[in-house]
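Analysis of the macromolecular model
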Amino acid sequence: MPKPSPSPTPSVEPRFIRACRGEPVDRTPVWILRQAGRYLPQYRAVRENVSFLDLCKTPELAAKVTLDAATALGVDAAIIFSDILIPLEAMGAPIVYGDEGPKLPAPVRTREAAARLHGFDPARETRFLGESIRLVCRALPPDVPLIGFAGAPFTLFAYLVEGGGSKNYETTKRLMLEAPDLAHHLLDRLADAIAPYLSAQASAGARALLLFDTWAGMLSPHDFDAFVVPATERLLAKLDRGGCPVAYFALDSAGLLERIARLRIDVVGLDWRVDLGEARTRLGPKLAVQGNLDPCVLFGPRSSVEARVREILAINAGRPGHVFNLGHGILPHTPVENALALVDAVKKYRSS
Ligand code: CP3
């Protein structure tokens, strides 16, 4: 009997995807949170002629800034250019981007205001995002996957209630205390709207999905269990992942890691306030991690950027399941050459 012809070499998944799944890689993959931003001259040049929201909503331009950043840095993943607040507008809560960050002119704090919010069809109301994703995926090399993202229910809820960013989130916490039913109702509505929005990014071509819960670390562990976990689980249960690994990132999450580890996710984003090795021990063997260099290290000399990168890679000690990144978004005044030095240092690292 003739021997069966050898099966074609299985196509090897990009190292970023393998690392998200905890599989061995040739070297640690790297990308930078908010890699398309104002620190980059190519981004500033595009923004000279277009507002932030118009940039998000113009697929050719959003695709250009996504690709410009990934190419300029030589990173192992691209992230689609958009913002976590985009779906709020599609739900009926307009947003304004000013010099002091995003604001909602009409915050949602009552049952009446909550009743005016509505679900949306990502194929219609945020069609531009699917188109941006398709354009980027066509242009990216096969070893550089695209990350799709959304805000997690709690962080979107905090923006909705507060009307913008906040130091102490007093209004949000007050509403959670005074009207917990309304808080849960809003969180559920957000989970229900974000699940199809994120699923649509996977079907448009995103290869990994990232949930930003930036402000969840503002909460006590008790409130995290009571408010964040049920809404996040609701979203994750409804998410059509299309084979994508899912990552979850909260700032200041060191007090919450065991709780985060119980979510149905694959990767945990870590800020710089926690030791990577200790975090991995607390998260357990099944979860990959992403992080966790202090973004301000990029304001120091190149030699210290390189030393701090090596320090984190040495802490991880070659364990599979680590994606190198900053512990939070790259800051607007960061020197580009230090961002490049970071990427270079990760690529050159050899444990010895
Ligand atoms: O390259 C990329 O990483 C993709 C783009 C991206 C943006 N926002 C573009 C943006 C991503 C992944 C986000 C996520 C986002 N947006 C988060 C979660 C991540 C995090 O940083 O914690 C949050 C909390 C927001 C909300 C938001 N949008 C804030 C607080 C601000 C103002 C602060 C700032 O960085 O300017 C924005 C505006 C924003 N989103 C800009 C960019 C490039 C700056 C707008 C400009 O002036 O051009």
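In this text the structure is predicted, and so the values were computed from the model without any measurement.

This brings us to the layout of surface pockets. Here the largest pocket defines a volume of roughly 1300 Å³. What lines the largest pocket is a set of 41 residues, and nearest its centre among them are Arg34, Arg38, Asp83, Tyr97 and Pro102. The dominant element in the lining of the largest pocket, judged by the number of residues it contributes, is strand 3 (residues 101-103), at three residues. Looking at the lining of the largest pocket residue by residue, the classes come out as 22 nonpolar, eleven polar and eight charged. The calculated volume of the second largest pocket comes to roughly 300 Å³. What lines the second largest pocket is a set of 16 residues, among which Asp26, Arg27, Thr28, Gly318 and Tyr349 lie closest to the centre. Looking at the lining of the second largest pocket residue by residue, the class counts come to six nonpolar, six polar and four charged.

Our focus in this paragraph is the site of the ligand. Neighbouring the ligand are 21 residues; Arg34, Arg38, Tyr43, Arg47 and His328 lie closest to it. Taking Arg38, its side chain carries an N or O atom lying 2.3 Å from an oxygen atom of the ligand. Surface burial for the ligand is 88%, taken as the share of its 870 Å² of free accessible area covered by protein chains. Breaking the shell around the ligand down by element, the ones donating at least two residues are helix 2 (41-47) and strand 3.

A separate point is the nonpolar core. A general feature of soluble globular proteins is that nonpolar side chains tend to end up buried together. Among the nonpolar cores identified, the biggest contains 134 residues, and Trp31, Phe154, Phe157, Tyr248 and Leu342 are the most heavily contacted of them. Residue contributions to this core peak at 13 residues, all from helix 10 (residues 180-204). The contact partners of Phe157, leaving out residues within four places of it in the chain, are Thr172, Leu175, Met176, Ala183, Leu186, Leu187 and Leu190.

With respect to the helices and strands, Leu293 occurs in strand 8 (residues 288-293). Note on Leu293: relative accessible area 3%, which makes it buried. C-alpha separation for the pair Leu293 and Leu276, spaced 17 residues apart in sequence, amounts to 9.6 Å.

With that settled, the discussion passes to the pairing of strand 4 (residues 146-151). Regular strands show a simple pattern: their side chains alternate between the two faces of the sheet. Among the six residues that make up strand 4, six are buried, leaving the element largely enclosed by the rest of the structure. Residues Leu146, Gly148 and Ala150 line one face of strand 4 and the alternating positions Ile147, Phe149 and Gly151 line the opposite face, and both faces are buried. Both strand 1 (residues 78-79) and strand 4 contribute to a ladder of two bridges, which runs parallel. Residue pairing for strand 4: Ile79 is matched across the bridge by Ile147.

One pass over the full model with this rule turns up 21 salt bridges. One salt bridge connects Arg124 with Glu125, and the closest N-O pair in it is separated by 3.7 Å. Since its relative accessible area comes to 61%, Arg124 is described here as exposed. For Glu125, a relative accessible area of 32% corresponds to the partly exposed category.

Glancing now at the pairing of strand 9 (residues 322-326). Summarising burial for strand 9: five of the five residues are buried, a large majority. Once the chain exits strand 8 it traverses helix 14 (residues 302-316) before rejoining the sheet at strand 9, and the crossover so formed is right-handed.

Before going further, it helps to examine helix 11 (residues 221-238). For an α-helix the count is 3.6 residues per turn, leaving residues at separations of three or four pointing the same way. With 18 residues, helix 11 should cover 26 Å at 1.5 Å per step; its first-to-last C-alpha distance of 24 Å lies within 8% of that length. Helix geometry: helix 11 is bent most strongly at Val228, by close to 35°, with proline Pro230 lying one to four residues after it. For helix 11, the complete set of buried residues consists of Phe224, Phe227, Val228, Ala231, Thr232, Leu235 and Leu236. Where helix 11 is buried, its residues touch helix 8 (153-162), helix 9 (170-178), helix 10, strand 5 (208-212), strand 6 (246-249) and helix 12 (257-260).

Moving on, we get to empty space enclosed by the protein. Over the atoms, a rolled probe matching the size of one water molecule traces out where space is still vacant. One pass over the full model with this rule turns up one cavity of 30 Å³ or more. Here the largest cavity is characterised by a volume of approximately 40 Å³. Forming the walls of the largest cavity are Phe16, Cys20, Ile147, Ala208, Leu209, Leu210, Pro245, Ala247 and Gln290. Of all the elements in the fold, those that place two or more residues in the lining of the largest cavity are helix 1 (15-20) and strand 5. Among the elements that make up the lining of the largest cavity, the one with the highest residue count is strand 5 (three residues). A per-class count over the lining of the largest cavity returns eight nonpolar, one polar and no charged.

Reading the values: the criteria
Residues numbered from 1 in each chain as written. Predicted model: local features only at pLDDT ≥ 70, side-chain atom pairs only at ≥ 80, totals over all residues. Heavy atoms only, no water. 1 Å grid on protein atoms, 1.4 Å probe; cavity = no way out; pocket = protein on both sides within 12 Å on 5 of 7 lines; lining within 4 Å. Points joined across faces, edges and corners; volume = space filled by probe spheres on them. Helix = DSSP H or I, 4+ residues; strand = E, 2+ residues; numbered from the N terminus. Nonpolar A, V, L, I, M, F, W, Y, C, P; charged D, E, K, R; others polar. Near = heavy atom within 4 Å. Polar contact = N/O pair within 3.5 Å; in protein donor to acceptor, adjacent residues only side chain to side chain. Areas by Shrake-Rupley, 256 points an atom, 1.4 Å probe, with all protein chains shown as cover. Core = buried A, V, L, I, M, F, W, Y, C linked by side-chain atoms within 4.5 Å. Buried < 20%, exposed > 50% of the residue type's maximum accessible area, 1.4 Å probe, protein only. Contact = heavy atoms within 4.5 Å. Pairing = 2+ DSSP bridges. Salt bridge = Lys/Arg side-chain N within 4 Å of Asp/Glu carboxyl O. Right-handed = clockwise from strand over helix to strand, strands pointing away. Expected span 1.5 Å × (residues − 1). Bend = angle between axes of the 7 residues up to and from the residue.

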